[in-house]
Amino acid sequence: QKETSKINAHRLHAGNRFLAVVHRLAASTSTSARVTACSLSPILWAHLDFPHQLQLRGVITRALHDVEVVVRISTATVLHEIAELVFDPRAVPWLVLMSERVMNDPEAELRAAAMTLTWHLAEHLPNAFLGDASKGSSLLRRLPPRTDPTFTEVYLLQCKLLPVATRLAEDRAPPVRLAVAAQCDRLCNALGEHWFNVIVDLLQALLGDTDERVRSEAILCVPRFLETVMISSSSDAIGMSLLESLLPVTAKMIRDSSPTVRISLATSAGELITLLVGMGGAEDTLMHSPGGGGANIAEATSAHRRHKKYVDDALIPLVQKLLYDSDPEVTSSALRAVTNASRGNVREIRPRKNSTMSEDDTVSLSSYQSENKELVFIPVLSEKQVLRLLPTLSDLAHSRQWRVRQGAVEIVPALLGCTHKLETRSEIAQLCVRLMNDRVDAVRRTAAECLCLGGGSLGCQGEGSKEEWINAIVLPCLRACSESTDSKQRMLSLKMVEAVLLSKTSITPGEHASFHPNERSAGASPFRELIDIAVSLSGDRIVNVRLNFGRVMCNVIHAISGDEISIVAKALLQQIAEEKKKGRGGDRDVLYFAEKGLIRVQMRLEELGLNSKLDKNR
């Protein structure tokens, strides 16, 4: 019995031994030991009863007043984790008190962390009154009704946490205000609809901050904030009201003296266009759904019109003004915003270049495609909006900054997916055609690639549209380049052949084709015509053109089948024979790529079971 009572007593106070270790570590003169003591707290918390949790709270409270900043920062992180482990509402007041303590810390880095802690507590602690804080706002997204027993506790908790955020927004240190500006949307989501108007006032104040980094971050937060409001609010009128209050303040930032702020404004405008058009698409779905009531349809129609009005009357003109900005970085950012808004599939917008390639004028669009992933363009802008942007883009095509000219032409594939008329598409294509004669290699290559990629962006409009684009727009430009007296244009035509064959458009190999490389039969398929154009350059007088023929064939041979393989094989064999007749055995690079191409042809024939055809041609 004595032994049993000892075991029971040990089980009853099982946490004491661990708490003793935590106390010893917390009292140590070693900074690492005190950090370790805090780090153990979330592990022990769920295994302790309330009296032992009080002891652990004492350790955490002392650590939050430690002289070492690293200990206090570790303690703030621990509070995040404990907020998700609370099953007892008696711990809520202490966690709120700890949040206020972090807010008043002398170290700016820790006060900035207080903002993250604030919305995290606001998200999780209301559920502590229901017995489990681990699910956060996924369980309790807004203030419960007044009849709910937890209404008073949740309301008082939010009343204590919101002033923490407002005081941090007025902090003397810019990094602290920057943290608030970056997380207003998270705070909005955590507190719910009841506090939207208070948080929007907070965001508006940050938009007028004296520090340009804070203003920039606040502008970037506007689309995320509005998205949170529109998705989680009970009425569309609430979202529209906040949009009406934020949009004029945001638009005024176009006169900001800081280029960084204007760059963020361009990015934010593009995201707002995507958001509002996306909301309009959701409303279209509601209007055409069989279960939609008359009142819901009327409300959705009205909201759709208002969203479109803001895009047409406010956001498109704003982007157009930014496209004419004196700073090329702002112009480039506005171009990326238009591109992403046209695609409609981007939430986080990244710069097209990284720091190591920012001055490389030889890199084209395809250099930034990773793992040969196919570009997908989802139309967002209407045809009318595209036509309004075209004059601005045409002006940018004459900019003295080559990166601006390149950015202007990169928009073309995205814009093509937004229009159904060949006349409009032809007008858009002129941007590419004009810049295919640019003096900078990267601009020429990007223009050629975007002209070829345009067929892939028309996938939502049917195979006929893609074939029409290739026949009416791409092939005439490709022929003109291949017959040009400028060797750079002839090399560009090979680049275009490669881009078209690898873009997975509607071009398919022709069944009947002539075996003579330079013979173009009447009514030849577009695929055959592409092969003929490429083969016609295999004997060019310029070494770089002949070299690029072999290199392109190596890259595209897997997309070729049927009689076209015989044509390519014969052209490569003929190129090798003629090259070896030249002085000093010909150019080694030309021979290398031609021989490599023959190896690829042999592999392709083996794949298709056509070994004898190559042997016969030889």
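This structure is a prediction, so every number in the text was calculated from the model and none was measured.

A. Examining the overall build of the chain more closely. Across its full length, the chain holds 28 helices and 0 strands. Of the contacts made within the chain by residues no fewer than 6 positions apart, 70% connect residues no fewer than 24 positions apart. Surface exposure of the chain reaches about 28300 Å², of which carbon and sulfur atoms provide 53%.

B. Main features of the side chain of Gln489. Position of Gln489 among the secondary structure elements: in helix H23 (residues 487-502). Exposure remark for Gln489: the relative accessible area of 8% places this residue in the buried category.

C. A look at the pattern of salt bridges. Counted by the stated rule, this structure contains 22 salt bridges. Between Asp66 and Arg34 there is a salt bridge, and its shortest N-O distance comes to 2.7 Å. One end of the pair, Asp66, is in the loop between helix H4 (50-63) and helix H5 (69-83); the other, Arg34, is in helix H3 (residues 31-45), with 32 residues separating them in the sequence. We note that Asp66, like Arg34, is buried. Between Asp438 and Arg405 there is a salt bridge whose closest N-O contact spans 2.7 Å. Of this pair, Asp438 sits in the loop between helix H20 (422-435) and helix H21 (441-453) while Arg405 sits in helix H18 (residues 402-410), placing them 33 residues apart in sequence. Of the residues examined, Asp438 reaches a relative accessible area of 10% and is grouped as buried. A residue is classified by how much of its surface remains accessible, and Arg405, at 2% relative accessible area, is buried. If you follow the salt bridges from partner to partner, you end up with Arg72, Arg101 and Asp105 in one network.

D. Structural view of the packing of aromatic side chains. Tallied over the entire structure, the rule returns 4 aromatic pairs. For the pair Phe151 and Tyr155, a centre-to-centre distance of 5.8 Å together with 15° between the ring planes defines the contact as stacked. Here the residue Phe151 and the residue Tyr155 both occupy positions in helix H8 (residues 151-169), the gap between them amounting to 4 residues, near one helical turn. Of the residues examined, Phe151 reaches a relative accessible area of 11% and is grouped as buried. Their ring planes at 25° and their centres at 5.8 Å tell us that Tyr155 and Trp195 sit as a pair that is stacked. Residue Tyr155 is found in helix H8, and its partner Trp195 is found in the loop between helix H10 (184-191) and helix H11 (196-207); the two are separated by 40 residues along the sequence. The partly exposed category is assigned to Tyr155, whose relative accessible area is 29%. Within the aromatic cluster, the residues linked to one another by ring pairs are Phe151, Tyr155 and Trp195.

E. Seen up close, helix H13 (residues 236-251). With 16 residues, H13 should cover 22 Å at 1.5 Å per step; its first-to-last C-alpha distance of 22 Å lies within 8% of that length. Within H13, the full set of buried residues consists of Asp236, Gly239, Met240, Leu242, Leu243, Leu246, Leu247 and Thr250.

F. Examining unusual backbone geometry more closely. In this model, Arg584 sits at a positive phi of 60°, which is unusual for a non-glycine residue. By the secondary structure assignment, Arg584 is in the loop between helix H26 (563-580) and helix H27 (588-608). Judged by relative accessible area, which is 87%, Arg584 ranks as exposed.

G. How the structure looks around the confidence of the model for the chain. On average, residues of the chain score 80 in pLDDT, and 79% of them reach the 70 mark or higher. Taking the mean pLDDT of every element in the chain, the minimum, 48, falls on helix H28 (residues 611-617) and the maximum, 95, on helix H9 (residues 174-182). Here residues 285-289 is a poorly scored stretch, pLDDT under 50, and it has 6 contacts once near neighbours within four places are set aside; other chains count.

H. Representation of helix H7 (residues 108-124) in the model. Over its 17 residues, H7 extends 25 Å from the first C-alpha to the last, a length consistent with the 24 Å expected when each residue adds 1.5 Å. Within H7, 13 of the 17 residues are buried, leaving the element largely enclosed by the surrounding structure.

I. Region of the structure containing the environment of Ala218. Mapped onto the fold, Ala218 is located in helix H12 (residues 212-232). Put simply, Ala218 and Leu206 are 12 residues apart on the chain and 6.1 Å apart in space, counted from C-alpha to C-alpha. Beyond its immediate sequence surroundings of up to four residues, Ala218 is in contact with Ala181, Leu203, Leu206 and Leu207.

J. Up close: the packing of H23 against helix H25 (residues 543-556). Packing of H23 against H25 brings their axes to within 10 Å, and their N-to-C directions diverge by 5°. Of the possible angle classes, the one that applies to H23 and H25 is roughly parallel. Seen from H23, the contacting residues are Ser487, Arg490, Met491, Leu494, Glu498, Leu501 and Leu502; seen from H25, they are Asn544, Val545, Asn548, Phe549, Arg551, Val552, Asn555 and Val556. Taken together, the residues of the contact of H23 with H25 sort by class into 8 nonpolar, 4 polar and 3 charged.

Criteria and thresholds
- Residues numbered from 1 in each chain as written.
- Predicted model: local features only at pLDDT ≥ 70, side-chain atom pairs only at ≥ 80, totals over all residues.
- Heavy atoms only, no water.
- Helix = DSSP H or I, 4+ residues; strand = E, 2+ residues; numbered from the N terminus.
- Contact = heavy atoms within 4.5 Å.
- Areas by Shrake-Rupley, 256 points an atom, 1.4 Å probe, with all protein chains shown as cover.
- Buried < 20%, exposed > 50% of the residue type's maximum accessible area, 1.4 Å probe, protein only.
- Salt bridge = Lys/Arg side-chain N within 4 Å of Asp/Glu carboxyl O.
- Phe/Tyr/Trp six-rings, centres within 6.5 Å; stacked < 30°, edge-to-face > 60°.
- Expected span 1.5 Å × (residues − 1).
- pLDDT = per-residue confidence, 0-100.
- Axes fitted to C-alpha atoms, helices over the stretch in contact; angles between N-to-C directions.
- Parallel < 35°, antiparallel > 145°, perpendicular 65-115°, else oblique.
- Nonpolar A, V, L, I, M, F, W, Y, C, P; charged D, E, K, R; others polar.

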